[in-house]
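Coordinate inspection notes
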Amino acid sequence: MKVYSDDFKDGGRMPDRHAYARENESPSLRWSDLPEGTKEVAIICEDPDAPGGTWVHWVLYGLAADTGGLEPGVPKWQVLHDLGNAKQGKNDFKKFGFDGPHPPPGAPHRYFFRVYALNDYLTAGAGLSAAQLRQVIEDKIIDEAETFGTYSR
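Analysis parameters
- Residues numbered from 1 in each chain as written.
- Predicted model: local features only at pLDDT ≥ 70, side-chain atom pairs only at ≥ 80, totals over all residues.
- Heavy atoms only, no water.
- Pairing = 2+ DSSP bridges.
- Helix = DSSP H or I, 4+ residues; strand = E, 2+ residues; numbered from the N terminus.
- Contact = heavy atoms within 4.5 Å.
- Axes fitted to C-alpha atoms, helices over the stretch in contact; angles between N-to-C directions.
- Buried < 20%, exposed > 50% of the residue type's maximum accessible area, 1.4 Å probe, protein only.
- Phe/Tyr/Trp six-rings, centres within 6.5 Å; stacked < 30°, edge-to-face > 60°.

1. Describing the sheet that holds strand β9 (residues 141-151)
- With antiparallel pairing, 6 strands are arranged side by side in an open sheet as β6-β7-β4-β3-β8-β9. Across the chains shown, the open sheet's two edge strands, defined by having one partner strand only, are β6 (79-80) and β9.
- Relative to strand β8 (residues 109-118), strand β3 (residues 40-47) runs antiparallel, the two being bridged by 7 bridges. Bridge pairing in β8 places C45 opposite F113.
- Running over the sheet, helix α1 (residues 130-137) touches β3, β4 (55-64), β8 and β9 and is turned about 145 degrees from β3.

Below you can see the structure in the form of structure tokens.
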């Protein structure tokens, strides 16, 4: 399984338009080579370098296996009707959808986008935290892949 973004190279700097204090636009994500039996895809984006510990920037689940990726600027709706009724959870900003990098001034932070291939459909409603989603999917994950971007102010 592979995952990448059209907006930044793996390990490269994320464009300013993705930053919380700028356009706050989710980046594009693409995935391929999902294992046979994948029914749905889930995504969690986190910054492990945040001062108070890992900070969750995005929780998205219920994406159809054949979606293949996301265009930039996914709406911040709880239910994404244009994406097969996929659902978004709450990030650590206490909001639905993607909220971008907002590190303190200094060294770059890393923003990991983890894509999970699931062997079953999720029945959970919108609003799960990353921890709740991990609990729901832990026995359904058949593969996962990640890419990360960096950002500093």
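Anyway, onward from the coordinates.
2. Here we look at the pairing of β8
- Of all 10 residues in β8, 9 are buried, a share of seventy percent or more.
- Note: β8 against β9, 10 bridges, orientation antiparallel. If you follow H109 over to β9, its bridge partner there is Y151.

3. What about the packing of aromatic side chains?
- A complete count under the given rule lists 6 aromatic pairs for this structure.
- When the centroid spacing of 5.4 Å and the interplanar angle of 70 degrees are considered together, the rings of W58 and F98 count as edge-to-face. One end of the pair, W58, is in strand β4; the other, F98, is in the loop between β7 (86-88) and β8, and 40 residues separate them in sequence. For the residue pair W58 and F98, the accessibility class agrees, reading buried in each case.
- Where F98 meets F113, the ring centres are 6.3 Å apart and the plane angle is 25 degrees; that geometry is what we call stacked. A residue pair is termed long-range when its members are at least 10 positions apart, and F98 in the loop between β7 and β8 and F113 in strand β8 qualify at 15 residues. Pair check on accessibility: F98 and F113 agree, each one buried.
- Pairwise contacts between aromatic rings join F8, W58, F98 and F113 into one cluster.

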